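Residues per chain, in single letters:
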Amino acid sequence: MFVAFLLPATSAQASAPLREHAAARGKFIGAALATGPLSNETSYRNIATTEFSQVTAENAMKWDATEPSQGQFNFSGADAIVNFATQNNQQVHGHTLVWHSQTPGWVQGLGATAMRTAMQNHISQVVGRYASNATVVSWDVVNEVFDDNGNMRTSFWYNTLGQSYIADAFRAARAADSNARLCINDYNVEGINAKSTAMYNLVSSLRQQGVPVDCVGFQGHLAIQYGFPGDIQQNMQRFADLGVQVRVTELDIRMQMPRDTAKDTTQATYYRNVINACNAVTACAGVTIWGFTDKYSWVPDTFSGQGAALIYDENYQQKPSYTAVHDALAGGSSSDTTPPTTPGTPTSSSVTSNSATLTWTASTDSGGSGLAGYNVYREQGATDPQLGQSSTNSINLTGLTPNTQYQVYVRARDGAGNLSANSALATFTTQSGPVGGGCAAVGTVQNQWNNGYVVQPVTVTNSGSSAITGWTVTFTLPAGHTLAGSWNATLTTSGQTVTARNAGYNGNLAAGASTSFGFQVTRPSGDTQTPSGYTCA
Ligand code: XIL
């Protein structure tokens, strides 16, 4: 008793759980969860609940679990994870839709047309199941599409469908859930190298074509004997500069067994470095650890002679790596405890039935860590939900409820996670949505040349208050212009009037949801006209 009394509590044990420190920075800290221990072990459940604000299913959302035979869907494991997360106010990252591994033989044996259809159907069913579930916020749409040398992996997907399966998968995911963040995920892409550069070029080109890639996942399966990717922050930042969110999706840091104090210390440094890199990149949403206890880790089964890759040992005791993650999230002994100044009162503009723009006078930060961005909250009583985050002094809020009063305020945050006081409130009321279905279309010319142009995207939005199951967009081609091709819709022409009908996979739109299609046109040399008069029904 006496000895126990004299033992000092470590700072980690005495301090708040990881998720609390991460939240103060506007980031998540997550863990991959396995359904077995989640239903069988109280210690596992307790740590998962207390420490993490985000979860990924380690296996339960993979194709072999969700659609083991064609058209036979099984969501029991996936639902268990989602329900657990909902109960614990955690967000779920869906992992993974299209991958060469853990995909049943029936998929791999299909011919091209059937495989593309099966892929689109799988995405539509799996993403669609959780599209209106606020817990599931993001998806790994494609996983591990590259070889380590930066070539496309010659998986059965690539060999059967060519590279186009990637864009098709993202479009199908967007059609199934217009709000989810859609990610491309891979390993050995943490530093700047041939593989991460190939990924960078692919993401850049897909986005230029209007393919909805919103996010890049760096798995982060590291090993202390291979060294730390010292340019991880620089690498994340170059992706962030493309306009995507970045995240570390599967962090674990293995070692050659047996474990010892020196290896634990190196491992802790690696964990701290990864958290610090994410802290330093505004577009980094957070870090997911691939499990949390060495009792359940894929490492010993996969990398012979290696293990101890996580932040709790087999007996659920915190390791030095836990303290490193904790202190990096908490800001450690960081000298910056000065919060940014309070943002100005937000003003609302462009208020529609489901969106609004807020703008406020920027904060300044004098504590040393620098202004990192703003959190926008809705005033609702005991806990005010966060409506969004912005790195600038303006935000476009989407997904709002029609005909509803919103009282909102803004807090600034700095690089050390200090939050400013609340700004004064702004109050606005969304417009009442049209009753029943409604639909709007806007076409954007992406690229044009002397005798042709590409219109991409034509964004089709369900502007009504209830779901629609199909749409028809019409528009007019200038005289002498002819269609040369189209995608993600079926186009027919009558004179210069073009009628575009939804494809099989993008007709269902929830209220407020959007999808898109595109087309290419040939025109007389020197003519600079483009189509007009987009209407949607
Ligand atoms: C692993 C799981 O942890 C194991 O349980 C399973 O047997 C194999 O897959 N990259 C990924 C993850 O994207 O899905 C993998 O997860 C680890 C590597």
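Residues numbered from 1 in each chain as written. Predicted model: local features only at pLDDT ≥ 70, side-chain atom pairs only at ≥ 80, totals over all residues. Heavy atoms only, no water.

S.K.: Sorry if this is basic, but what is going on with the overall build of the protein here?
M.R.: Of the regular secondary structure elements, the protein holds 16 helices and 25 strands. Referenced to the eigenvectors of the C-alpha coordinate spread, the extents of the protein come out at roughly 90 × 60 × 40 Å. Buried positions account for 51% of the 537 residues belonging to the protein. Nonlocal contacts in the protein, meaning residues at least 24 apart in sequence, comprise 74% of its contacts between residues at least 6 apart. Put simply, the protein shows about 21800 Å² of open surface, and 48% of that area lies on carbon and sulfur atoms. Of the charged side chains in the protein, 26 are positive and 33 negative, and the gap between their average positions amounts to 5 Å. (Helix = DSSP H or I, 4+ residues; strand = E, 2+ residues; numbered from the N terminus. Buried < 20%, exposed > 50% of the residue type's maximum accessible area, 1.4 Å probe, protein only. Contact = heavy atoms within 4.5 Å. Areas by Shrake-Rupley, 256 points an atom, 1.4 Å probe, with all protein chains shown as cover. Lys, Arg positive; Asp, Glu negative; His and termini not counted. Charge placed at Lys NZ, Arg CZ, Asp CG, Glu CD.)

S.K.: How should the state of the cysteines be read in this particular structure?
M.R.: Covalently bonding the sulfur atom of one cysteine to the sulfur atom of another cysteine gives a disulfide. Enumeration over the complete set of coordinates arrives at three disulfides. The disulfide bridge from C183 ends at C215, spanning 2.1 Å between sulfur atoms. On the sign convention where negative means left-handed, the S-S torsion of about 95° between C183 and C215 marks this disulfide as right-handed. In this pair, C183 is assigned in strand β5 (residues 181-186) and C215 in strand β6 (residues 215-218), connecting sequence segments 32 residues apart. As far as burial versus exposure is concerned, C183 and C215 are alike and both buried. Each sulfur of the disulfide joining C439 and C536 lies 1.6 Å from the other. Where C439 bonds to C536 through sulfur, the torsion about that S-S bond is close to 45°, and the disulfide is right-handed. Of this pair, C439 sits in the loop between β17 (426-429) and β18 (440-449) while C536 sits in strand β25 (residues 532-536), and the two are 97 residues apart along the sequence. A relative accessible area of 17% means that C536 is categorised as buried. Take the cysteines of the protein that form disulfides and number them in order along the sequence; they join up as 1-2, 3-4, 5-6. (Disulfide = S-S within 2.5 Å.)

S.K.: In this structure, what is going on with the pattern of salt bridges? I would like to understand it.
M.R.: For side chains of opposite charge, pairing can occur when their charged atoms come near one another. Taken as a whole, this structure holds eight salt bridges when the rule is applied. A salt bridge links R174 to D214, with the nearest nitrogen and oxygen atoms 3.0 Å apart. Note that R174 is positioned in helix α11 (residues 164-176) and D214 in the loop between α12 (194-208) and β6, a separation of 40 residues in sequence. Classification of R174 by relative accessible area gives buried; the value is 17%. Here D214 falls in the buried class, since its relative accessible area comes to 15%. Put simply, D264 and R259 hold a salt bridge, and the shortest N to O gap is 2.7 Å. Judged by relative accessible area, D264 falls into the buried class, the value being 7%. In this structure, a network of salt bridges that share partners links the residues D148, D186 and K195. (Salt bridge = Lys/Arg side-chain N within 4 Å of Asp/Glu carboxyl O.)

S.K.: Please explain the side chain of D527 as it appears in this structure.
M.R.: Relative to the helices and strands, D527 resides in the loop between β24 (514-522) and β25. No salt bridge is formed by the buried D527; the nearest opposite charge belongs to R523, separated by 5.7 Å. Excluding residues that lie within four positions of it along the chain, D527 makes contacts with N450, A479 and H481.

S.K.: Explain the site of the ligand to me, please; I cannot follow it from the model alone.
M.R.: Taken together, 13 residues surround the ligand, and among them E58, K62, H95, E250 and W290 come closest. At 3.1 Å from a nitrogen atom of the ligand is found a side-chain nitrogen or oxygen belonging to E144. Take W290: an N or O atom from its side chain is 2.9 Å from an oxygen atom of the ligand. Relative to its unbound accessible surface of 410 Å², the ligand loses 78% to contact with the protein. Here the shell around the ligand is built from residues that sort into three nonpolar, six polar and four charged. (Near = heavy atom within 4 Å. Polar contact = N/O pair within 3.5 Å; in protein donor to acceptor, adjacent residues only side chain to side chain. Nonpolar A, V, L, I, M, F, W, Y, C, P; charged D, E, K, R; others polar.)

S.K.: Is there a simple way to think about α12 in this case?
M.R.: Three or four residues apart is the spacing at which side chains of an α-helix point the same way, because the helix has 3.6 residues per turn. The end-to-end C-alpha distance of α12, which contains 15 residues, comes to 21 Å, matching closely the 21 Å that a straight helix rising 1.5 Å per residue would cover. Contacts made by the buried residues of α12 are with α11, β5, β6 and α13 (232-240). Capping of α12 at its N-terminal end is provided by N193; its side-chain oxygen lies 3.0 Å from the backbone amide nitrogen of K195. Looking one or two residues past α12, G210 carries a phi angle of roughly 80°, positive in sign. (Expected span 1.5 Å × (residues − 1).)

S.K.: What exactly am I supposed to notice about the environment of Q108 here?
M.R.: Inspection of the secondary structure puts Q108 in helix α8 (residues 105-108). In this structure the C-alpha to C-alpha distance between Q108 and T160, which are 52 residues apart in sequence, comes to 8.9 Å.

S.K.: Could you clarify how one ought to interpret the environment of H93 in this entry?
M.R.: Tracing the backbone through its elements, the reader meets H93 in strand β3 (residues 91-94). The sequence separation of H93 and V136 amounts to 43 residues, and the corresponding C-alpha distance is 6.1 Å. At 2.8 Å, the side chain of H93 and the side chain of D140 are in polar contact.

S.K.: Would you explain the side chain of K62 in this entry?
M.R.: With respect to the element layout, K62 can be found in the loop between β2 (54-57) and α6 (63-66). One polar contact links K62 to N59, side chain to side chain, over a distance of 2.9 Å. For K62, the side chain forms a polar contact with the side chain of Q102, separated by 2.8 Å. The residues contacting K62, other than those within four sequence positions of it, are H95, T96, W99 and Q102.

S.K.: Which parts of the structure should I look at to understand the packing of α13 against helix α14 (residues 261-280)?
M.R.: When two helices pack together, their arrangement is captured by the angle between the axes and the distance separating the axes. Following both chains from N to C, one finds α13 and α14 inclined at 35°, their axes separated by 9 Å at the closest point. Note on packing geometry: the crossing formed by α13 with α14 is right-handed. The residues of α14 that touch α13, namely those facing I232, Q233 and M236, are V274, A277, C278 and A280. The class makeup of the residues in the contact of α13 with α14 is six nonpolar, one polar and no charged. (Axes fitted to C-alpha atoms, helices over the stretch in contact; angles between N-to-C directions. Left-handed = near helix turned anticlockwise from the far one by under 90°.)

S.K.: Any chance you could explain the sheet that holds β25 here in plain terms?
M.R.: By definition, the strands of a sheet pair up through backbone hydrogen bonds, in either a parallel or an antiparallel sense. If you trace the four strands from one edge of the open sheet to the other, you get β22-β23-β20-β25, paired in antiparallel fashion. If you trace the sheet from one side to the other, it starts and ends with β22 (489-494) and β25, each paired once. Taking the axes of each pair of neighbouring strands and ignoring which way they run, one obtains an average angle of 20° across the sheet. In the sheet, strand β20 (residues 472-476) pairs with β25 via three bridges, with the strands oriented antiparallel. Within β25, the position partnered with T476 by the bridge is S532. (Pairing = 2+ DSSP bridges.)

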